[in-house]
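# Architecture at a glance
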There are 2 protein chains.
Amino acid sequence: MTKYVYSFTEGDKDQKDLLGGKGANLAEMMNLGLPVPPGFTITTEACRAYLHDGAVPDSLAGEVSEHLASVEQEMGKKLGDPSDPLLVSVRSGAKFSMPGMMDTVLNVGMNDESVIGLAQVSGNERFAWDSYRRLIQMFGKTVQDIDGDLFSREIDNLQESKGYKGDLDMTVEDLKELVDTFKAIVKKETGADFPQDPREQLDMATDAVFRSWNSERAKIYRRRERIPDDLGTAVNVCTMVFGNMGDASGTGVAFTRDPSTGHSGVYGDYLQNAQGEDVVAGIRNTLPLSELEKLDKASYDQLRDIMEQLEKHYRDLCDIEYTIEEGKLWMLQVRVGKRTPAAAFRVATQLVDEGLINEDEAVTRVTGAQLTSLMFPQFDADADKTVLTVGTPASPGAATGEIVVDNDQAEARAAAGVSVILVRSETNPDDLRGMVAASGILTARGGKTSHAAVVARGMGRTCVVGAEDLVIDEATGTVFVKSQNKTLKVGDVIAIDGTTGQVFEGEVPVVDSPVMTYVSHGLEAGLAASPDQDTKDLVTSVDKLLRRADSKARLTVRANADTPEDSTRAREFGAQGIGLTRTEHMFLGDRRQLIENIILADSDEEQQAALDELLPLQKGDFVGIFGAMDGLPVTVRLIDPPLHEFLPDLTDLSVELAVKQAKGGELDEHEKKVLQAVKSQHEQNPMLGLRGVRLSLVIPGFVDLQVRAIAEAAAELIKQGKDPKPEIMVPLIGSVRELQIVKDQALGILKQVSQETGVELDLPIGNMIELPRAALTAGEIAEESQFFSFGTNDLTQTTWGFSRDDVESSFFQNYYEHGIFNVSPFEAVDQDGVGQLVAMGVKNGKAANPELHCGVCGEHGGDPASIHFFDAVGLDYVSCSPFRVPVARLEAGRAAISNESAAGGVSASA
Amino acid sequence: MTKYVYSFTEGDKDQKDLLGGKGANLAEMMNLGLPVPPGFTITTEACRAYLHDGAVPDSLAGEVSEHLASVEQEMGKKLGDPSDPLLVSVRSGAKFSMPGMMDTVLNVGMNDESVIGLAQVSGNERFAWDSYRRLIQMFGKTVQDIDGDLFSREIDNLQESKGYKGDLDMTVEDLKELVDTFKAIVKKETGADFPQDPREQLDMATDAVFRSWNSERAKIYRRRERIPDDLGTAVNVCTMVFGNMGDASGTGVAFTRDPSTGHSGVYGDYLQNAQGEDVVAGIRNTLPLSELEKLDKASYDQLRDIMEQLEKHYRDLCDIEYTIEEGKLWMLQVRVGKRTPAAAFRVATQLVDEGLINEDEAVTRVTGAQLTSLMFPQFDADADKTVLTVGTPASPGAATGEIVVDNDQAEARAAAGVSVILVRSETNPDDLRGMVAASGILTARGGKTSHAAVVARGMGRTCVVGAEDLVIDEATGTVFVKSQNKTLKVGDVIAIDGTTGQVFEGEVPVVDSPVMTYVSHGLEAGLAASPDQDTKDLVTSVDKLLRRADSKARLTVRANADTPEDSTRAREFGAQGIGLTRTEHMFLGDRRQLIENIILADSDEEQQAALDELLPLQKGDFVGIFGAMDGLPVTVRLIDPPLHEFLPDLTDLSVELAVKQAKGGELDEHEKKVLQAVKSQHEQNPMLGLRGVRLSLVIPGFVDLQVRAIAEAAAELIKQGKDPKPEIMVPLIGSVRELQIVKDQALGILKQVSQETGVELDLPIGNMIELPRAALTAGEIAEESQFFSFGTNDLTQTTWGFSRDDVESSFFQNYYEHGIFNVSPFEAVDQDGVGQLVAMGVKNGKAANPELHCGVCGEHGGDPASIHFFDAVGLDYVSCSPFRVPVARLEAGRAAISNESAAGGVSASA
């Protein structure tokens, strides 16, 4: 029979799949002999069964009873015992951390009788009634789906009517009154009394946590973080310890290093006489952890020792939740801590310096997404700026945007293409939608560990919290700046600096970040651009890890570039070649007319004349690009898009000319001809039609033109003593025969140009694999091809049967909502579908032609998850936009290290 | 080293791949001890090498020399020996018969010296010079690419100037003069003298035959007949025997049975004092073979004996070429003969009756294409008809159309959608284009074995030949009917009956053929509709073979039908269910407005109201269809096409409304709303967009509507004591999750309707596999699905990345010309690409769910080649249009027999 429940003494940190991260790490701390309150974990497997069947497995109740009995025995108390109740917390905990996204219920076991027993046993009546009102409030909101505002409004009313400044002012009588009020709310909203049976509370809370896996906010979070929807969450049932037992009690969060900078030291918060939610919700401002030393030195010292032990044990920055119950320290959670991108780099190199990890592991500790955010522009230090106020910097970056104060506004303005800053008193998990939509988040309350700060860091949004100078009135949409006696309103533009905590009025110009300066101009330039030692350390870290990644990477990284300028930039960013030069991008602007002439030509001669005019222009482009990439390969794709893209839109032109005629005008010959051509080039589904290699077959002059331009450019550069390395790529191949025809023609032209110029031209000729049929028949195609470049964008379109345009459509939104996918398959390659075709194409292609060189040139080439997949299936290179090259280099190194490690090679943690 | 040359004594009939059909069968006749002139075959492998490398393999010349020496030794003559020359024919011969499509050169070895030797040795100067002028003429035309008219015009001029009636009137002097004239033509056209070296002639002729594999007409023929382009042809070098040595010589073609009817007897032609081309070209009218008995009884009897021997040996109707040289019979070719569709059926059953083959082999001897042509309508016997003349019936059928007299006209009018009859004095291989375009072919000259007759029978075109009453003037486009002194001209409508040879003026109404009556109303009705015993025999044959096919078939055959009428027809044709009912076809006509209302609805309520209005209408449709198919499955596909198909065209509407405004009009609210909807539903690539299951996800009301209509219809019929078997099919699935969502919703509706009606409804729910991703993830999908229906039409679009519309486009034509494919992949399933996905989908689907039922519902389900493939990959059924059901039944039986035979089961020829 499946075992669904594990005691904290049974697991370890490597069982995250089954026990979730929180459960696995509680067990690990138990193994380390740290003070963890007794408890047990209900597995993710039970959750999956519940979500699938709508009910928990039959055997679960018995297992829970057994484990509960053993906790009761250990603690010498019984759950909800009227005289001396055991209370438990019921907390979610999934494999991947989803902070604040799922439910938690504390103080389970309180009821009308046990509250009195607890008061007597603890000798603290206020604490007992505070715990009971917390249970009813949390249980009502999370388990019984009652609007949480109904409860909090009563607290506000009570405090206001009595002139209290906060929760701590509430008396025992106040709390008793609140309990009665809350019970009445529950009765009114659910039609039933608040459940008094402690075990019923426990089971209902467990089910609620399971259900919370599929809450809207959890689904949105998973989609953003690319966490699979089918993992489920574990439930941790843990003996309650109380931070709200009085001034010798408290609770807090700590980091073993500063999660913003990576610096060693004492980082964290402490909140006296409180339970955990009070800290996370940011309702009350916390004390810095260092203050604990003054309040309770013994606990402080013990906590510091444990933190040091945990960091060494986990070999990484740890994030800790703890509670002090009347002077006794309890560890409630540990996990590898989220951190800012800059901290990630610095911590990784610091850990290497401290001998905790090796350089390879350090590379796996940072991500391309983190590097991307470090490359974002920063506010220009020299610009004129009007500082409104300064808050606590919680997530770095430079964000400018219109003020919005609620989720709907945030989404609506962002959908309209406007950058927005979400400004709130504080945020809570329901605000995730708004945070996703916003460029930055600014709150008046909360510290570095408040909800807003944690979530914003997780998603790489710029965030400033605890700007207490601000009074935000969500109802009227105003933001009052106390120190300046100034009122801003929704729609006004502000800028926030997540590194300094500064808030500016109006727009602020941005400049390259020092990391950007480093990746484009090298270490020296990067260090020179760094304003302080922290930044210099960061630049040095990035340099170390990026060079290590380069040395380990199996995939080389190329860039997609159509101009000499882009090529130069790509080379600066470390591209080892151009994987995609789109010739049609050379047909835009003035040259569009020449393409129109080719299409409208009445005779072969007219067409040839138009083609001839293009030749010197295109040759010039190639001389520029090949020259910029001297010594490195440049893959040139022959003309690809449907010809109608070079002509006016059918509907627009039809309307224009019909209106002209309706007004008595006459169409001239050119208008008639263009209309005729537009009609004849019109296709119901141009994506599935005359494009790619088909253009080359129908208008072979295109092949002559382009191959000649490439060949003449190469010959010219070779004569100048340069080393151009163009490669000719045929797009949209579905059958080997198409490739043979174009290849034969191209070889003929190359031979001609060789003879004309006296320069030997032995250019590789290959093709794109961007149709399912090409992947399916890759073995045959490979026999005629020197390289494959997978066009995973087109391949995604045909494999799924939808187009890139659909990303913006209603049904794509629907697909996210239905969990059909978590991330757009145009962003991260769909490994189960499209990925199968890529894997098949590489495997069969290389089997037929061991010399075959294989790469990918869609934007997937710059996507971290996709790069790991491409490494695993054996591609030789990825190509992406120049800006993504450094990211791709880092990820290529990470992929090689983790795939090597997975293959049982050198252990990354050795 | 590869052996490229085989003596006729080295091969046998099973080596067609290597030796071609002609070479393999010459070897077989040699093995049987029949009189075959000595010779050898240069293999198809040599041809492939030549076509690939542009030159014959190095070792070929030596091998030819060896084999030539051995023939010379056997004949006691040397090739082109001035005193007593050996002459040879150089003839093409591919694996699959391509009559008249490739080149042949006779009399190789003649030159200015050997013509004199031959005259002396043969004692027949006229024969010698006739042979020489023939060589120059054929060599010039086929090897040296000189316009053949240059030669034939000289013959015509000569005969005209001397008042000759034909070739036989030409004297030795005339022939010598012609030789001089022809040599001058060669000199003028090629710049060189006619090659005098016999071996040079042989090698040049061999290369020319190889090249002729890729002549335009050969390529067109292969495309029609679906013969692969990469086989190449063999070359047969055979000692010349001479039918033109005088009146004791001659040549002809014979069939072991009548290729039009299948009757046993003496069928064929004989032409005295002639070489083979004269017969095939239809230039001179031939004698019936039976006349040979009077001319040369010994040869006639020997030929009859050989014919009997060959038919027994080949166990089939044979088609023979023979030559009599001064009373000595030589066999020049044998092959299994082409025959009319009716003959194919009758011969197959006759051979069973005669014990030569068993019933299973008989089924493999007929094809679905033949059955299709037998189901074509015939001229109504009772209609008023004006007979113009009567010719020789050469290929059966009833064709009506406009007269055309050349290929360009034929193609142009046919492209304009007009049915045309190609009317010519005679046809030659260059006329293939026109014959493909025409509905029927009518010639004034030639017999049943003339080019026109042979080719028309091969392609199933109605054909009447030898209508000597007609004088066709291609230059003026007139057809003069001598007996009636009437002139018709291009564009006039005539009708030809390929079964009777009758030619009618004007249109003639058509009626069902007796075979059609049989397949739709049974054997008794078919026999009653048969006007004569031949037809009755045919109907009986079809019945026998179709029943045998049904009993052997592994695939069941369903039909695609959207109405009760189509369903009834399908059932009459033997469909064992409906494999595809398209619900959207029920949304046309009056109901289109309801769909427009659904799309334009301003609120959920308005939309629901429109959906509710559709419910009773659609339920009524289903009651009709399920009732008609009582007891048989009906697969209903949920709504599939993009919604814009129910709205006006964007460009048309935009122009209409812009013009209205330009003329000062105002748009009313409805117009504005429709324009807005059309714009918002517009997609750049609707085929890759919001359609299929995506519609059901975006407008779930469609699922409710349709499933409810199906369920209520089924419940109503069950209450009436009927046995409806609907199956619910979800289109365009790409991910199992899509299916899960719609399935859950559908199950909910089924449960509701079960509860409302008290009728248990356990309907299968399955999905289409029409996207590559569905095939790739078929294993996962199968776990949620009860059946797969492969939509190979859509699957072809996405796998190749082109759309069904492209079949008519310029690049598709280009694909044929380039040999990228021989047949449209929308007609016969692309086995290498799309087929891999089908095979993968079936295999992985059934592995995951052994109960999974798999079929195909695109038009490929009615295509013979595709059916064989679907049988081989393990589908359970095919579904096609009702008219194709009998064809599919026959092919399903044939597929089972040949796949069984290929798998080493019961041998079909046992």
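Residues numbered from 1 in each chain as written. Chains lettered and ligands numbered in written order. Predicted model: local features only at pLDDT ≥ 70, side-chain atom pairs only at ≥ 80, totals over all residues. Heavy atoms only, no water.

The next subject is the side chain of Asn 767 of chain A. All names here are of chain A. Tracing the chain through its elements places Asn 767 in strand β30 (residues 765-769). A distance of 2.7 Å separates a polar atom in the side chain of Asn 767 from a polar atom in the side chain of Ser 785. Apart from residues lying up to four places away in sequence, Asn 767 is in contact with Met 729, Val 730, Ile 733, Leu 739, Ile 781, Ser 785, Phe 787, Phe 788 and Ser 789. (Helix = DSSP H or I, 4+ residues; strand = E, 2+ residues; numbered from the N terminus. Polar contact = N/O pair within 3.5 Å; in protein donor to acceptor, adjacent residues only side chain to side chain. Contact = heavy atoms within 4.5 Å.)

This brings us to the interface of chain B and chain A. Contacts between the two partners involve 53 residues from chain B, matched on the other side by 52 residues from chain A. Summed over both sides, the interface between chain B and chain A buries roughly 4,500 Å², with carbon and sulfur atoms accounting for 61% of that surface. The largest contributions to the chain B side of the interface with chain A come from Leu 688, Arg 773 and Leu 776 of chain B, which together make up 15% of the buried area. Joining chain B to chain A, the criterion identifies two salt bridges. Our enumeration of links across chain B and chain A arrives at 23 residue pairs in polar contact (both at pLDDT 80 or more). Counting residues per element, the ones that place at least two in the side of chain B that touches chain A are α25 (650-662), α27 (693-698), α29 (736-757), α30 (772-776), α32 (792-800), α33 (810-817) and α34 (834-848) of chain B. The greatest single-element share of the side of chain B that touches chain A, amounting to seven residues, is contributed by α25 of chain B. Split into classes, the residues belonging to the side of chain B that touches chain A amount to 23 nonpolar, 19 polar and 11 charged. (Buried area = accessible area lost by both parts, 1.4 Å probe. Salt bridge = Lys/Arg side-chain N within 4 Å of Asp/Glu carboxyl O. Nonpolar A, V, L, I, M, F, W, Y, C, P; charged D, E, K, R; others polar.)

Moving on, we come to the relation of the copies chain B and chain A. Both copies of the chain are related by a screw-like operation: a rotation about an axis and a shift along it. Least-squares fitting of chain B to chain A yields an RMSD of 0.2 Å, with the superposition described by an axial translation of 0.2 Å and a rotation of 180 degrees. Here the copies are linked by what is in effect a two-fold axis. By residue overlap, the copies meet face to face through one surface: 98% of the interface positions of chain B are interface positions in chain A. (Least-squares fit on C-alpha atoms with pLDDT ≥ 70 in both.)

Paired through backbone hydrogen bonds, the strands of a sheet run either parallel or antiparallel to each other. Residue and element names in this part refer to chain A. Around the barrel, eight strands lie side by side as β26-β27-β28-β29-β30-β31-β32-β33; this closed barrel has parallel pairing. Pairs of neighbouring strands in the sheet enclose a mean axial angle of 30 degrees, with direction left out of account. Strand direction decides the pairing type here: strand β28 (residues 633-637) and strand β29 (residues 725-730), joined by five bridges, are parallel. Of the residues in β29, the one forming a bridge with Pro 633 is Lys 725. Along the sheet, helix α28 (residues 701-719) makes contact with β28 and β29, crossing β29 at roughly 170 degrees. (Pairing = 2+ DSSP bridges. Axes fitted to C-alpha atoms, helices over the stretch in contact; angles between N-to-C directions.)

Right, let's talk about the sheet that holds strand β32 (residues 853-856) of chain B for a bit. Residues and elements named next belong to chain B. Read around the closed barrel, the eight strands follow the order β26-β27-β28-β29-β30-β31-β32-β33; overall the barrel is parallel. Put simply, the sheet's adjacent strands are angled 30 degrees from each other on average, direction ignored. As defined by bridge partners, β32 adjoins strand β33 (residues 877-880) across two bridges and the pair is classed as parallel. Bridging across to β33, Val 856 finds its partner in Val 878. Docked against the sheet, helix α28 (residues 701-719) engages β28 (633-637) and β29 (725-730), running at close to 170 degrees with respect to β29.

In this section: the pairing of strand β2 (residues 39-42) of chain A. Residues and elements named next belong to chain A. Both faces of β2 are covered, namely the face carrying Gly 39 and Thr 41 and the face carrying Phe 40 and Ile 42. Where strand β1 (residues 5-7) and β2 come together, three bridges link them in antiparallel fashion. Paired with Tyr 6 across the two strands is Thr 41, which belongs to β2. (Buried < 20%, exposed > 50% of the residue type's maximum accessible area, 1.4 Å probe, protein only.)

All right, on to unusual backbone geometry then. Residues and elements named next belong to chain A. Residues other than glycine seldom take positive phi values, yet Asp 145 does so here, at roughly 60 degrees. Mapped onto the secondary structure, Asp 145 falls in the loop between α5 (125-143) and α6 (148-162). By relative accessible area, Asp 145 is classed as exposed at 66%. Even without being a glycine, Asn 485 presents a positive backbone phi close to 50 degrees.

If you walk through the whole model with that rule in mind, you get 117 salt bridges over all chains. For the salt bridge of Glu 411 of chain A with Arg 433 of chain A, the shortest nitrogen-to-oxygen distance reads 2.7 Å. Here Glu 411 of chain A, found in helix α16 (residues 407-415), pairs with Arg 433 of chain A, found in helix α17 (residues 432-437); they are 22 residues apart in sequence, far enough to count as distant. What makes Arg 433 of chain A partly exposed here is its relative accessible area of 29%. As a salt-bridge pair, Lys 312 of chain B and Glu 308 of chain B come within 3.6 Å of each other at their nearest N and O atoms. Placement of both Lys 312 of chain B and Glu 308 of chain B in helix α12 (residues 297-314) is noted, with a separation of four residues, approximately one turn of the helix. For Lys 312 of chain B, a relative accessible area of 52% translates into the label exposed. If you follow the salt bridges from partner to partner, you end up with Arg 315, Asp 316, Arg 339, Glu 361 and Arg 365 of chain A in one network.

Let us look at helix α7 (residues 172-190) of chain A. Residue and element names in this part refer to chain A. Between its first and last C-alpha atoms α7 spans 27 Å; for 19 residues at 1.5 Å apiece the expected length is 27 Å, and the two agree. Listed in full, the buried residues belonging to α7 are Val 172, Asp 174, Leu 175, Leu 178, Val 179, Phe 182, Ile 185 and Val 186. One side of α7 carries all its buried residues, which in axial view fall inside an arc of 140 degrees. Opposite the buried face of α7, at more than 90 degrees from it, the exposed residues are Glu 173 and Lys 188. (Expected span 1.5 Å × (residues − 1). Arc of directions from axis to C-beta.)

What follows covers the packing of aromatic side chains. This model, assessed by the stated rule, comprises 48 aromatic pairs over all chains. Taking 6.2 Å as the distance between ring centres and 50 degrees as the angle between the ring planes, the aromatic pair formed by Trp 129 of chain B and Tyr 132 of chain B counts as tilted. Taken as a pair, Trp 129 of chain B and Tyr 132 of chain B lie in helix α5 (residues 125-143) at a separation of three residues, close to a single helical turn. Exposure class is identical for Trp 129 of chain B and Tyr 132 of chain B. Each is buried. With a centroid separation of 6.2 Å and 90 degrees between ring planes, the pair formed by Phe 788 of chain B and Phe 790 of chain B is classed as edge-to-face. By relative accessible area, Phe 790 of chain B is classed as buried at 0%. Here the aromatic residues Trp 800, Phe 802, Phe 811, Phe 812, Tyr 815, Phe 821 and Phe 826 of chain A are joined through ring pairs into a cluster of three or more. Over the face of the ring belonging to Tyr 6 of chain B we find Lys 3 of chain B, whose NZ or CZ atom lies 4.6 Å from the ring centre. (Phe/Tyr/Trp six-rings, centres within 6.5 Å; stacked < 30°, edge-to-face > 60°. Lys NZ or Arg CZ within 6 Å of the ring centre and 35° of its normal.)

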